[in-house]
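Each chain, letter by letter, is given below.
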Amino acid sequence: MNVVPIGDNLVVKRLNAEETTAGGIVLPDAAREKPQQGRVLSVGDGRMLPNGKRSAPEMKEGDRVVFGNYAGNEVAIDGESLLFLRTSDVLAILR
Amino acid sequence: MNVVPIGDNLVVKRLNAEETTAGGIVLPDAAREKPQQGRVLSVGDGRMLPNGKRSAPEMKEGDRVVFGNYAGNEVAIDGESLLFLRTSDVLAILR
Amino acid sequence: MNVVPIGDNLVVKRLNAEETTAGGIVLPDAAREKPQQGRVLSVGDGRMLPNGKRSAPEMKEGDRVVFGNYAGNEVAIDGESLLFLRTSDVLAILR
Amino acid sequence: MNVVPIGDNLVVKRLNAEETTAGGIVLPDAAREKPQQGRVLSVGDGRMLPNGKRSAPEMKEGDRVVFGNYAGNEVAIDGESLLFLRTSDVLAILR
Amino acid sequence: MNVVPIGDNLVVKRLNAEETTAGGIVLPDAAREKPQQGRVLSVGDGRMLPNGKRSAPEMKEGDRVVFGNYAGNEVAIDGESLLFLRTSDVLAILR
Amino acid sequence: MNVVPIGDNLVVKRLNAEETTAGGIVLPDAAREKPQQGRVLSVGDGRMLPNGKRSAPEMKEGDRVVFGNYAGNEVAIDGESLLFLRTSDVLAILR
Amino acid sequence: MNVVPIGDNLVVKRLNAEETTAGGIVLPDAAREKPQQGRVLSVGDGRMLPNGKRSAPEMKEGDRVVFGNYAGNEVAIDGESLLFLRTSDVLAILR
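Predicted, not measured: the structure shown is a model, and the values here were computed from it.

(A) Representation of the relation of the copies chain F and chain G in the model. Once turned by 51 degrees and shifted 0.0 Å along the axis, chain F lies on chain G with an RMSD of 0.0 Å. Little of the interface of chain F is mirrored in chain G, where only 13% of its interface residues again form contacts.

(B) Representation of the interface of chain D and chain E within the structure. Chain D puts 22 residues into the contact, and the matching count from chain E is 23 residues. When chain D packs against chain E, close to 1,700 Å² is buried across both sides, 58% of that on carbon and sulfur atoms. Of all residues in chain D, the largest losses of buried area upon contact with chain E belong to Met1, Ile6 and Met48 of chain D, amounting jointly to 30% of the total for that side. At the boundary of chain D with chain E, the tally comes to one salt bridge.

(C) Fine view of the pairing of strand 4 (residues 64-67) of chain A. All names here are of chain A. Residues of strand 4 alternate between two faces, with Arg64 and Val66 on one and Val65 and Phe67 on the opposite face, all of them buried. Two elements, strand 3 (residues 37-43) and strand 4, share three bridges in a ladder whose sense is antiparallel. Residue pairing for strand 4: Gly38 is matched across the bridge by Val65. The pairing of strand 4 with strand 7 (residues 90-94) spans four bridges and is antiparallel.

(D) Just the interface of chain F and chain G, in detail. With 23 residues of chain F in contact, the opposing surface of chain G contributes 23 residues. Buried surface at the junction of chain F and chain G, both sides included, amounts to about 1,700 Å², of which 58% is carbon and sulfur. On inspection of chain F and its partner chain G, the count reaches one salt bridge. For Arg54 of chain F, the salt bridge is made with Glu58 of chain G, and the minimal N-O distance between the two is 3.0 Å. Our count for the contact surface shared by chain F and chain G stands at five residue pairs in polar contact (both at pLDDT 80 or more). Among the secondary structure elements, those contributing two or more residues to the side of chain F that touches chain G are strand 1 (3-5), strand 5 (73-77) and strand 6 (80-86) of chain F. Considering every element that reaches the side of chain F that touches chain G, the biggest residue donor is strand 5 of chain F, with five residues. Residues of the side of chain F that touches chain G, tallied by class, amount to 12 nonpolar, six polar and five charged. By the bridge criterion, three bridges tie strand 1 of chain F to strand 7 (residues 90-94) of chain G in an arrangement that is antiparallel. Within strand 7 of chain G, the position partnered with Val4 of chain F by the bridge is Ile93 of chain G.

Thresholds applied
- Residues numbered from 1 in each chain as written.
- Chains lettered and ligands numbered in written order.
- Predicted model: local features only at pLDDT ≥ 70, side-chain atom pairs only at ≥ 80, totals over all residues.
- Heavy atoms only, no water.
- Least-squares fit on C-alpha atoms with pLDDT ≥ 70 in both.
- Contact = heavy atoms within 4.5 Å.
- Buried area = accessible area lost by both parts, 1.4 Å probe.
- Salt bridge = Lys/Arg side-chain N within 4 Å of Asp/Glu carboxyl O.
- Buried < 20%, exposed > 50% of the residue type's maximum accessible area, 1.4 Å probe, protein only.
- Helix = DSSP H or I, 4+ residues; strand = E, 2+ residues; numbered from the N terminus.
- Pairing = 2+ DSSP bridges.
- Polar contact = N/O pair within 3.5 Å; in protein donor to acceptor, adjacent residues only side chain to side chain.
- Nonpolar A, V, L, I, M, F, W, Y, C, P; charged D, E, K, R; others polar.

The following block contains the structure:
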């Protein structure tokens, strides 16, 4: 299924805990909140401005991003959990 | 009855659980929240901008869409439950 | 009494339960929330935009409309209960 | 005392219960919420728009108006209770 | 001390109960909320608009004004209690 | 350390109780809320407007200002307690 | 990992308690809230304005900044705790 985000939305695959720590060291389960990093799968065509034009998207497919702790909507699509974020939920790109 | 959404609204027929999982595998009832997918039945003529013009609708009849968990107004019209959403409730189109 | 809504308001006569179900089948009283449909009696001259102009009203007298569950102000005028809505309360026109 | 409302405000004398029912039939006291109708005593010079201009007032002295249930500020001026409303509190004019 | 309000602010000396009733009749203490009338001592240079210009102040020194019940900031300056309001707190001028 | 406020911020040294009463009379400790007066130490370069320009700052270093009761952020910098305000927190300048 | 903040965001390394007091005097643990100072590691390309343009960033890499008490998102990246702020969270630059 091809997921095409609308406007200012983007869809992200959340990384698992091992992927987000340099040495792959995993904390004991209790201390592990959901990782706040993910890989961008696709982006919408940007935010609608008051004058009707669109601002260009600030991320692109493949970017690794950091986002706020309780940001976005987690939705299962064909059994896979995907995270839908708005641009304003994204704090930074990790390169 | 012909349902014509106003402005930035769209009306959606929510898919049932079987329709939203690839192999049609249905979870035990307790775990089944309302599916967050639906088929667009009709769209309004778009959002009113501060300058009085309208932004073109971003979805069209027949699109399969994903939306937030508690989004929209569920209203029974002629005994059929329809979901009224705003464009900003829609996260993505599934193609 | 002639009721002339102000600006972005419209006044609606709420349909009763029988009028809103195709076969006129009425649910047992407990399940019957107030119907979310009504007939437009009159509309204001439209919403004031930031530039001082008005957007044209999106409904007209006689339209049958659907609105959100707890939308609007119910006021008795000469013993008749009328529902005052804003354009943004209206989800769709039923034709 | 001459009461001159500021900007988008208007001052209204609330009608009493008898004045708001066609046959003057008055409900038993408990059921009588404050009437939501009143007579406009005076209006301000209109709402200030983002560009610094003013939108013309939508009501005038003498108009009979309907307003939301808990709208406005009730203030005693020289022993008389007056209701100060904003234009957006007014639902319609009754003619 | 000369008190110069900033921008959209104005400073008011609240009238006492006697000053606000025509015959100077004073209600028993319990019923007496703080009077909602005062005398303007000085005004700021007006509200900043989105385009950077200022809207002219709508009140002037010496005006007698009516304001909302819990409006503004009461601050003691040199032992005198002064009430700082925004223009939007003021309902009307009494002339 | 030189403290340079950002944009619409200003930094203020709060006056102590004696400094804010004409005769220097100090109320018994319990009645003494934090004084709502202070001396401006430095100001930012003004508020960013929607068009990207800046409005000129409305206060300057050395001004004595009055502000709302719970306004601002109190932060210790090098052991000294400084109060960071926004322009909209300031009610007036005392001259 | 190179952390590139998005738009109006900036990423800061929070200073520890010793670094924020002139003589390096450290308060007993109980009184020590998290220091409200940090070093800017990198900034985004500025805030998006309603007209689609960007306002230039107000801080730069290396600046020492003061921010509000509960501001921002603290996120561990490669085991290092980084603080993501918006420009409006920053009160001043310390020079």
